[in-house]
Amino acid sequence: QVQLVESGGGLVQAGGSLRLSCAASGRTFSNYAMGWFRQAPGKEREFVAAISRSVGSTSYADSVKGRFTISRDKVNNTVYLQMNSLQPEDTAVYYCAGRSSSGSASAFLYEYNYWGQGTQVTVSS
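Residues numbered from 1 in each chain as written. Predicted model: local features only at pLDDT ≥ 70, side-chain atom pairs only at ≥ 80, totals over all residues. Heavy atoms only, no water.

## Description of the overall build of the protein
For the protein, the count of helices and strands is zero helices and 11 strands. Reading the secondary structure of the protein in the N-to-C direction produces β-β-β-β-β-β-β-β-β-β-β. Computed over C-alpha atoms, the radius of gyration of the protein comes to 13 Å, within 12% of the 14 Å expected from 2.2 N^0.38 for 125 residues, which places it in the range of a compact globule. In terms of its C-alpha atoms, the protein occupies a principal-axis envelope of roughly 40 × 25 × 25 Å. When each of the 125 residues of the protein is scored for burial, the buried share is 44%. Considering only contacts within the protein whose residues lie at least 6 apart along the sequence, 59% involve residues at least 24 apart. Summing over all exposed atoms, the protein offers an accessible surface of approximately 6200 Å²; the carbon and sulfur share of this is 46%. Seen as two clouds, the 11 positive and the 8 negative side-chain charges of the protein have centres 8 Å apart. (Helix = DSSP H or I, 4+ residues; strand = E, 2+ residues; numbered from the N terminus. Rg over C-alpha atoms; globule rule 2.2 N^0.38 Å. Buried < 20%, exposed > 50% of the residue type's maximum accessible area, 1.4 Å probe, protein only. Contact = heavy atoms within 4.5 Å. Areas by Shrake-Rupley, 256 points an atom, 1.4 Å probe, with all protein chains shown as cover. Lys, Arg positive; Asp, Glu negative; His and termini not counted. Charge placed at Lys NZ, Arg CZ, Asp CG, Glu CD.)

## Details of the pairing of strand 5 (residues 46–51)
Among the six residues in strand 5, five count as buried, and that is most of the element. Relative to strand 5, strand 4 (residues 33–39) runs antiparallel, the two being bridged by five bridges. Its bridge partner lying in strand 5, Phe37 is registered against Phe47. Hairpin connection between strand 4 and strand 5: a loop of six residues separates the two successive antiparallel strands, and Gly42 in this loop has a positive phi of roughly 75 degrees. As paired strands, strand 5 and strand 6 (residues 58–60) are joined by three bridges and run antiparallel to one another. If you follow Ile51 over to strand 6, its bridge partner there is Thr58. (Pairing = 2+ DSSP bridges.)

## Quick notes on the nonpolar core
In this structure, Met34, Trp36, Leu81, Met83 and Tyr94 are the most contacted members of the largest nonpolar core, which totals 35 residues. Put simply, the parts of the chain that give this core at least two residues each are strand 3 (18–25), strand 4, strand 5, strand 7 (68–73), strand 8 (78–83), strand 9 (92–99) and strand 11 (119–124). The leading source of residues in this core is strand 5, at five residues. (Core = buried A, V, L, I, M, F, W, Y, C linked by side-chain atoms within 4.5 Å.)

## Focus on the packing of aromatic side chains
Taken as a whole, this structure holds six aromatic pairs when the rule is applied. Between the aromatic rings of Phe37 and Trp115, the centroid separation amounts to 5.2 Å while the plane-to-plane angle is 55 degrees, which identifies the pairing as tilted. Taken together, the positions of Phe37 in strand 4 and Trp115 in strand 10 (residues 114–115) put the pair 78 residues apart, joining distant regions of the chain. With relative accessibility at 0%, the residue Phe37 sits in the buried group. By the ring-pair criterion, three or more aromatic residues cluster together here, those being Phe37, Phe47, Tyr112 and Trp115. Of note, Arg45 hangs over the ring of Tyr95, and the distance from its end group to the ring centre comes to 3.6 Å. (Phe/Tyr/Trp six-rings, centres within 6.5 Å; stacked < 30°, edge-to-face > 60°. Lys NZ or Arg CZ within 6 Å of the ring centre and 35° of its normal.)

Structural data, given as structure tokens:
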């Protein structure tokens, strides 16, 4: 069992940066592939980025590629999402997710079985 708690969201101007953190509890965190998803008002939850269990394999949505970076710290059981050059269209609630069925990074929401409560990111123009 893994519990995920996101933090680091907030209000930022366009062009600014934020770093989201996802703290995981549970001894098996290192066995999980992790991902970040986001959901804007009135829209479906969408993939943002993912990182494999073994570290070194990452995947990004085209909309954030080159601007966002996902990383993980196995010592501190934390996954990060560094977000640079933020734009108003990045405004959403951002969710951290864990995947226990496989160690591979995945862009598919249904393949993740653990979810955090979300953290709001608002980018003003």
